[in-house]
Amino acid sequence: MKIACIFENQLYSFHYNEYDENEYDRNLNQWSNTAYLFEFAKENNIQDIVAFLDEIYYNLEELEDLINEIAETDGQFKRIFIPLEHSETNKTISLRKGKINHNRLRLYAIKLIDELFIITGGAIKMSQRMLDHPGTAKELSKLSAARQYLEINDIHNEDAFFELIAES
């Protein structure tokens, strides 16, 4: 497992050994891949696949635009990455979900310090609760594993994080 830089000193992404890309790039590429989305729609019994594809493409453009705007302006990624649960609000290594209202796409991340986030994965939201859909349940497991990885490696502050990055 490695950590890739998306926007220096602001946004990073886990790069798991089983994939060729980091989680940020992998998810954005999946969400723009018609064949992937078509299969996803069939597996999830989506009736109007064309409308679903249009919605996901629109959601993706909205998400990418907001991420780029934040990176280019104030760097306030906490505008997107809100606590996964209320109990995560004040934790040092806090689990977060990246969401925009009325948008099915979710990026999941860990907030390490105020403005440093590490993406752990992403999913198309298909249920109210994460555990109610296999895709989001898998992302919840990845969030927990990523937090454990950071805790095992004693990554609780910016200096320790950048030392870890330099070693990978």
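Predicted model only: the values in this text are computed from it and were never measured. Every chain's residues receive numbers from 1 upward, in the order its sequence appears when written. In keeping with the predicted nature of the model, local features appear solely for residues at pLDDT of at least 70, side-chain atom pairs appear and are counted solely at 80 or more, and the whole-chain, interface and lining totals rest on all residues. Side-chain metrics rest on all non-hydrogen atoms present in the structure, leaving aside hydrogens and water.

Caption draft 1: Broad picture of the packing of aromatic side chains. The aromatic pairing rule takes the rings of Phe, Tyr and Trp, using the six-membered ring of Trp, and pairs them if the centres are within 6.5 Å, calling planes under 30 degrees apart stacked, those over 60 edge-to-face and the rest tilted. Enumeration over the complete set of coordinates arrives at nine aromatic pairs. Relative to F77, the ring of F7 has its centre 6.3 Å away and its plane inclined at 20 degrees; by these criteria the two rings are stacked. Placement of the pair is F7 in strand β1 (residues 2-7) and F77 in the loop between α3 (49-72) and β3 (81-83), with a sequence separation of 70 residues. Since its relative accessible area comes to 21%, F7 is described here as partly exposed. On the accessibility criterion, F77 (0% relative accessible area) is buried. Between F14 and Y149 the ring centres are 5.9 Å apart and the planes differ by 80 degrees, which places this aromatic pair in the edge-to-face class. Secondary structure elements follow DSSP: runs of H or I no shorter than four residues count as helices, runs of E no shorter than two count as strands, and numbering proceeds from the N terminus. Only protein chains enter the accessibility calculation, which uses a 1.4 Å probe. A residue is then buried if its area is under 20% of the maximum for its type, exposed if over 50%, and partly exposed in between.

Caption draft 2: Looking closely at helix α1 (residues 23-31). By the burial criterion, the buried members of α1 are E23, Y24, R26, N27, L28 and W31. We call two N or O atoms a polar contact when they sit within 3.5 Å, provided that within protein one can donate a hydrogen and the other can accept it, with sequence-adjacent residues counted only if both atoms are side-chain atoms. Between the side-chain oxygen at the start of α1 and the backbone nitrogen of Y24 there is a gap of 3.0 Å, and the oxygen is on N22.

Caption draft 3: Examining the sheet that holds strand β4 (residues 94-98) more closely. Taken in spatial order, the six strands make up an open sheet running β1-β2-β6-β5-β4-β3, and their pairing is mixed. Only two strands of the sheet have a single partner each, and these edge strands are β1 and β3. Geometrically, the sheet is characterised by an average inter-axis angle of 40 degrees between neighbouring strands, direction not taken into account. Of the pairings in the sheet, the one linking β3 to β4 comprises three bridges and is antiparallel in character. Being paired, for any two strands, means DSSP has found at least two bridges between them. Axis lines are fitted to C-alpha atoms, over the contacting stretch for helices. Their N-to-C directions set the angle, which ranges from 0 to 180 degrees.

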